[in-house]
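Here is what each chain is made of, one letter per residue.
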Amino acid sequence: MIKNLLKTAIGRLRIIAFLEGCSFLLLGFTMILKYKYAMPQPNYIVGLAHGILFVIYVVLLLQVSFLHRWNLLKIVGAFVASLIPFGTFYADKALFRQIDI
């Protein structure tokens, strides 16, 4: 299944959206480690990975939006989804999966 997703731009966006969503949730866990248990290193590593995944998500979102001629509302909705916990999982189900089928 992953091989099929890697072949298309929307498939790559779906993979990155999932990874970005997971890193967002993991970042919440590492914040607890950082502030409650004085362990900043996991937060630094996960935060760096999350930042890189977020930038890739935005670039792929722009690529897909141009390829599929999305309207501004759909683009903004997909972007806002990346700012909310569990948002990219919802965007995958509501926005990205419809195109990939």
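Computed from a prediction, not measured in an experiment: that's the story for all the values here.

Draft legend 1. Spatial organisation of the overall build of the protein. Within the protein, the regular secondary structure consists of five helices and zero strands. Its helices and strands taken in sequence order, the protein reads α-α-α-α-α from the N to the C terminus. Along the first, second and third principal axes, the C-alpha set of the protein runs to 45 × 30 × 20 Å. Counting only residues that meet the buried cut, the protein has 34% of its 101 residues in that class. Of the contacts made within the protein by residues no fewer than 6 positions apart, 61% connect residues no fewer than 24 positions apart. With the model as given, the accessible surface of the protein reaches about 6600 Å², and the carbon-plus-sulfur share is 74%.

Draft legend 2. Molecular detail of a nonpolar patch on the surface. A surface patch of nonpolar side chains, amounting to about 520 Å² of accessible area, comprises Leu72, Val76, Phe79, Val80, Leu83 and Ile84. Take Leu72: it is sitting in helix 4 (residues 72-81).

Draft legend 3. Spatial organisation of the packing of helix 3 (residues 40-67) against helix 4. Between helix 3 and helix 4, the least distance of the axes is 11 Å, while the angle of their chain directions is 165°. Comparing their axes, helix 4 and helix 3 come out roughly antiparallel. Note on packing geometry: the crossing formed by helix 3 with helix 4 is right-handed. Between helix 3 and helix 4, the residues in contact are Phe54, Tyr57, Val58, Leu61 and Ser65 and Ile75, Ala78 and Phe79, respectively. Per-class residue counts for the contact of helix 3 with helix 4 are seven nonpolar, one polar and no charged.

Draft legend 4. View of unusual backbone geometry. Of note in the backbone geometry, Ala38 takes a positive phi value of approximately 55° without being a glycine. Position of Ala38 among the secondary structure elements: in the loop between helix 2 (9-37) and helix 3. Its identity as a non-glycine residue notwithstanding, Arg69 has a phi of 55°, on the positive side.

Draft legend 5. Structural context of the side chain of Glu20. Within the secondary structure, Glu20 is located in helix 2. Put simply, Glu20 is tucked away with no salt bridge, and the nearest opposite charge, on Arg14, sits 14 Å away. Apart from residues lying up to four places away in sequence, Glu20 is in contact with His50, Leu53, Phe54, Ser82 and Thr88.

Draft legend 6. Representation of the pattern of salt bridges. Under the defined criterion, the tally for this structure stands at one salt bridge. The residue Arg14 makes a salt bridge to Asp92 at a minimum N-O spacing of 2.6 Å. Highlighted residues: Arg14 in helix 2 and Asp92 in helix 5 (residues 87-100), separated in sequence by 78 residues. The exposure class assigned to Asp92 is buried, which follows from its relative accessible area of 13%.

About the thresholds
Residues numbered from 1 in each chain as written. Predicted model: local features only at pLDDT ≥ 70, side-chain atom pairs only at ≥ 80, totals over all residues. Heavy atoms only, no water. Helix = DSSP H or I, 4+ residues; strand = E, 2+ residues; numbered from the N terminus. Buried < 20%, exposed > 50% of the residue type's maximum accessible area, 1.4 Å probe, protein only. Contact = heavy atoms within 4.5 Å. Areas by Shrake-Rupley, 256 points an atom, 1.4 Å probe, with all protein chains shown as cover. Patch = residues over 30% accessible without salt bridge, like charges linked within 9 Å, V, L, I, M, F, W, Y side chains within 5 Å. Salt bridge = Lys/Arg side-chain N within 4 Å of Asp/Glu carboxyl O. Axes fitted to C-alpha atoms, helices over the stretch in contact; angles between N-to-C directions. Parallel < 35°, antiparallel > 145°, perpendicular 65-115°, else oblique. Left-handed = near helix turned anticlockwise from the far one by under 90°. Nonpolar A, V, L, I, M, F, W, Y, C, P; charged D, E, K, R; others polar. Lys, Arg positive; Asp, Glu negative; His and termini not counted.

So, to be careful, I would describe these as geometric facts and stop short of saying anything about function.
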